[in-house]
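Observations on the model geometry
For reference, the chains in residue letters:
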Amino acid sequence: MDLTSFLVQALIGLYKGSLYWILALGLVLIFGVVRVINFAHAAFYVTGSYLMYTFYTYTSNFIVSLIIAMIITGALGAIVEITIIRRVYKLETIYQLLATFGVALIANEAQKLIWGKGVVYISIPETLSRGVNLGGITINYYMALIVVTGLLLFIATIVFMNYTITGLRTRAVWRDPVMSEALGINTRLIYTLVFFTGTALAGLGGALTVPLISVGPGLADYLIVTAFIIVVIAGLGSITGAYIVAILVGVFSSILVLIVPELDIVILYIIAALILLFRPHGLFGER
Amino acid sequence: MYMLRRLRALIDGNIIALLLLIGLLGLISFTGHRFYMYIATLIMIFGIFAMGYNILFGYAGLLSFGHGLFFGVGAYSVALFTLNVYRDPLVGVLFSIPIALLTSIIVGILTLKHGRVYFAILTLALSMIFWSALIKLRWLTGGSDGLVGIPKRGVLVDLSAPTVFYYFTLVFFAAIMLGLYMLNKSRYGLLLRALGTNEDRLPFLGYSTFTLRMIALTISGVVSALAGALYAVFYSVVTPDVAYWTFGAEPLVMSLIGGSSYFLGPLVGAIIFVSLTTTVARFAEYWMLLLGAALIAMILFFRGGLLGFLESLAGRFKLGVYLRWRF
Amino acid sequence: MEILRVENITKRFGRFVAVDNVSFTISKGETVAIIGPNGAGKTTLVNVITKKLEPDGGRVFFDGIDITRLPPQKISRLGLIRTFQVVNLFPVLKVRENLALAGLRAGTTGEVESVAEILGIKRYLDKRLVEVPLGVQKLVELGISLLLKPKMLILDEPVAGLGAEDRFNMVKVLLELKKSLNLIVIEHDMDVVFTLVDRIIVMDKGRIIADGKPENIRENKLVKEIYLGGE
């Protein structure tokens, strides 16, 4: 294994990790504020992919398609929150998990009915498809764009959560929903907004994925497990932790492909399991 | 006199219903009707799976999204054992028990020290790891094609005649159901129910919640694996699909349909579920869609399941006494 | 002979110090009340002793054994039993089953009926816990504690929320119990406290501000000011 291919894999891992991060961000936001683990999160992510595919095929306008895919996915998330999830907040945790699990089953199957069982993909916009050739593999501007988007989202989230009024309110709900209610903060609205934002972010991530990876049935199942591994290693609810772990997982799994192509995922899971054994609340979790 | 009292304490509506069902299943074999026997076999296998699942879900209050893992461990144990070690289905099925025990303990160590949310997440993750290992370890598991030719005719027993296999399954079914019934009546049944009701209080009574959860997981894992083992022998084929998360969701839905807080709930759910899926072929295409919709409908409107619905009906007509079948 | 020794126990929640460097010793046979205004840290102190919460500093010895690092189930098995302020049992189980949980653990299943008899809750045995009145639930909680064969029993507000009759019953039972085991009660009801205990520990803002015989505490100026003063 030469140094160049090692470096190339690390760079590829960086953009993969950034996509994982965008996926995990929505999950962490929703869990942090609404206290619901959204099993359907990856299904929303893939919905974003499919919507991007459809709109881009019709309009050929990358930016417009991206925004539409993002908003529609977010709207779907809000609808699910209002019609289903909201009714189970007061029930035991088990029922909240079950409800989102049911949504995941429906979403996966609906996607198969709408977009078929094959895979879909679009090509990278021409201006972004150029790049640097390293050892036979092109690292293009599009990948760089994803890494930058991920970083910007990280900074934006931290700034938003720490310095704006809405952020403060969201954080109050994050800490103590009962108290926030008493202070006159409309938790209902905030929950719906957070669901919208979280799933819209998933939609964004999904939309950004289509030019890079063929999207089809089964992708969501793989992604939700990866996202869970990331947030669990990071510690449920930790935003900074999720960013760092997502990038590490991306880079690490890319390099593992070089060393043990057969078992890359399995080894990654085993490492995650070991971390959990010794740090039950994750690397960045409180308590 | 004491024995008589013990016996009276053991008898309730559940055991009567259970014995009637076992008798009915026995009668079906006399009809010699292939299709009925096929459905009845599937009901028994999925009945075992769902009842095993509900030990964790209904009793201990732990939601597993990865029970396909245990079912798959049972199925692959039989397949690998009969194809590579000793060619006999009975020994193969029994061999799956220690393997499932070991698997349950490892899964328990990895998942039970955290809260319920973690448990749900981690069981899903573990079953997906197992699933991807089944696909990737081609030399051992046959990859996505799975393993074929699991023998019904072995060194010790010959199950190749449909009626013989039917009785074979019925014996396992009856033994497991009666075992679970005894468990329900025993002190462990009480402890597991207490675990599901208020696990935070138990340490102050001197019980370790980790140990109790481990007991629940082990029983649940072994019973589910036995279902998987019977399934593998029944079809003579096993593929990684049985370890996939959507498959693992089936016993969950069965438990909810029947009523997860009733001893017989999962079994009732399995009967409904299997009858529908095998007879209405039109469902197949939209299967997962219906499964998801059923799941959400049950959670929003019928958390007690069918038995819960019947109990409330009975309550309305003052028949409550006859329908006290909660565990 | 001491049975419980608490050394420099501290518990913080973020910046708020709920229990601040508290130390005391309780001898065998003593019946003690811990009193103080809401938020004084009484329940937090009990939570730390019985390991519902981890202490941030200090040590606890029970019957000569360092229990600071032990998990709650081990502490319970040593004979240090507690109840909870809000009834914290198994609502869907029958009263009999609630009691049996304790009986199974301590090998006292045979005593379930007689304990129920003593507590006067025998006719509720086959009802689910949710179906019985609060006073009975509190007695079930006490029954469970007794079936566990405690050496020391810590009761967190045993009469809170009870009507006059239930309160009278509870005090009668407790008076009987104090003859045979060590009792610690956290209680706001001063009548109950003065009837029951030999010693009072007064807490305020996480610290012990007074500790002594009931008659001395009644006269203590500081206590009057902070706690009894308003009454």
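Above this text you will find the structure in question.
Residues numbered from 1 in each chain as written. Chains lettered and ligands numbered in written order. Predicted model: local features only at pLDDT ≥ 70, side-chain atom pairs only at ≥ 80, totals over all residues. Heavy atoms only, no water.

Considerations on the overall build of chain A
Inclusion rule: We count a stretch as a helix when DSSP gives it H or I for four or more residues in a row; a strand needs E for two or more, and each element gets its number in order from the N terminus. Atoms considered for the radius of gyration are the C-alpha atoms alone. The globule rule reads 2.2 Å times the number of residues to the power 0.38. Residue burial is assigned from relative accessible area. The probe radius is 1.4 Å, only protein chains are included, and a residue is buried under 20% of its type maximum, exposed over 50%, and partly exposed in between. Here a residue-residue contact requires only that any non-hydrogen atoms of the pair lie within 4.5 Å. Asp and Glu count as negative and Lys and Arg as positive, but His and the ends of the chain are not part of the count. To locate a charge, take NZ of a lysine, CZ of an arginine, CG of an aspartate or CD of a glutamate.
When helices and strands are tallied, chain A shows twelve helices and two strands. Ordered by position from N to C terminus, the α and β elements of chain A give α-α-α-α-α-β-β-α-α-α-α-α-α-α. Taking 287 residues into account, the globule formula puts the C-alpha radius of gyration at 19 Å, and chain A, at 19 Å, falls close to it. Its C-alpha atoms give chain A principal-axis dimensions of about 60 × 50 × 35 Å. Counting the 287 residues in chain A, one finds 54% classified as buried. The long-range share in chain A, meaning contacts at least 24 apart out of those at least 6 apart in sequence, stands at 75%. Here chain A contributes 14 positively and 11 negatively charged side chains, and the mean placements of these two sets differ by 10 Å.

Points about helix 5 (residues 89-111) of chain B
Structural remark: α-helix, 3.6 residues per turn; residues separated by three or four positions point the same way. Residues and elements named next belong to chain B. For clarity, the threshold we go by: A helix is expected to reach a length of 1.5 Å times the quantity of its residues less one. Any pair of N or O atoms that falls within 3.5 Å is considered a polar contact. Within protein, one atom must be able to donate a hydrogen and the other to accept it, and sequence-neighbouring residues count only if both atoms are side-chain atoms.
Its 23 residues place the ends of helix 5 32 Å apart at the C-alpha level, agreeing with the 33 Å of an ideal helix rising 1.5 Å per residue. Among the residues of helix 5, those classed as buried are Pro89, Gly92, Val93, Ser96, Ala100, Thr103, Ser104, Val107, Gly108 and Thr111. Those residues of helix 5 that are buried are in contact with helix 4 (68-84), helix 6 (116-136), helix 8 (162-185) and helix 10 (209-235). Capping the start of helix 5, aspartate 88 holds a side-chain oxygen 3.1 Å from the backbone nitrogen of leucine 90, two or three residues further along.

Side note on the arrangement of the chains
The protein chains that touch form two pairs of chains, and the pair with the most contacts between them is chains A and B. Regarding chain A and chain C, which are not in contact, the minimum distance between any of their C-alpha atoms is 11 Å.

Looking at the packing of aromatic side chains
Residues and elements named next belong to chain B. Rule in force here: Pairing of aromatic rings covers Phe, Tyr and Trp, the last through its six-membered ring, and needs centres within 6.5 Å; plane angles under 30 degrees mean stacked, over 60 mean edge-to-face, and all others mean tilted.
One pass over the structure, following the stated rule, counts 34 aromatic pairs over all chains. Note on tryptophan 131 and tyrosine 244: the rings are 4.7 Å apart at their centroids and 65 degrees apart in plane angle, and the pair reads as edge-to-face. Linking tryptophan 131 in helix 6 with tyrosine 244 in the loop between strand 2 (237-238) and helix 11 (245-258), this pair joins segments that are 113 residues apart in sequence. On the accessibility criterion, tryptophan 131 (23% relative accessible area) is partly exposed. Grouped by ring-pair contacts, the aromatic residues Phe35, Tyr38, Phe46, Phe49, Phe71, Phe165, Phe168, Phe172, Tyr231, Phe234, Tyr235 and Phe247 constitute a single cluster.

Some thoughts on the nonpolar core
Under the convention used in this document: Buried Ala, Val, Leu, Ile, Met, Phe, Trp, Tyr and Cys residues that are joined via side-chain atoms within 4.5 Å together make up what is termed a nonpolar core.
Membership of the largest hydrophobic core comes to 264 residues, with the highest contact counts inside it found for Trp21(A), Leu98(A), Phe65(B), Phe173(B) and Leu142(C). In this view, Phe173(B) contacts Leu21(B), Ile22(B), Leu25(B), Met44(B), Ile48(B) and Leu267(B); residues no more than four positions away in its chain are not counted. Counting residues in hydrophobic clusters, the runner-up holds 26 residues, among them Leu4(C), Val6(C), Phe24(C) and Met152(C).

A closer look at the interface of chain A and chain B
The following threshold applies: Note: buried area is the sum, over both parts, of the accessible area (probe 1.4 Å) each one loses when the two are combined. For this document, the term salt bridge refers to a Lys or Arg side-chain nitrogen within 4 Å of an Asp or Glu carboxyl oxygen. Throughout, the ten residues Ala, Val, Leu, Ile, Met, Phe, Trp, Tyr, Cys and Pro are labelled nonpolar, Asp, Glu, Lys and Arg are labelled charged, and all others, Gly among them, are labelled polar.
Chain A puts 45 residues into the contact, and the matching count from chain B is 41 residues. In total, chain A and chain B occlude about 3,800 Å² of area from one another, counting both sides; carbon and sulfur atoms represent 82% of this. Three residues stand out in chain A for area buried against chain B, namely Leu98(A), Phe101(A) and Leu105(A), and they jointly supply 17% of the buried area on that side. Scanning the region where chain A abuts chain B turns up zero salt bridges. Joining chain A to chain B, the criterion identifies two residue pairs in polar contact (both at pLDDT 80 or more). Of all the secondary structure elements, the ones that give two or more residues to the side of chain A that touches chain B are helix 4 (93-115), helix 10 (219-234) and helix 12 (264-278) of chain A. Residues belonging to the side of chain A that touches chain B are distributed by class as follows: 32 nonpolar, seven polar and six charged.

Section: the sheet that holds strand 4 (residues 57-62) of chain C
Residues and elements named next belong to chain C. Threshold: Should DSSP find at least two bridges between two strands, the strands are taken to pair. Inter-axis angles, ranging from 0 to 180 degrees, are taken between N-to-C directions of lines fitted to C-alpha atoms, where helices are fitted over the stretch in contact.
Spatial ordering of the open sheet is given by 2-1-4-5, a layout of four strands whose pairing is antiparallel. If you trace the sheet from one side to the other, it starts and ends with strand 2 (16-27) and strand 5 (65-66), each paired once. As defined by bridge partners, strand 1 (residues 2-13) adjoins strand 4 across five bridges and the pair is classed as antiparallel. Bridge pairing links glutamate 7 to arginine 59 in strand 4. Strands in contact with helix 1 (residues 42-49) are strand 1, strand 2 and strand 4; relative to strand 1, the strand with the most contacts, it is inclined by about 115 degrees.

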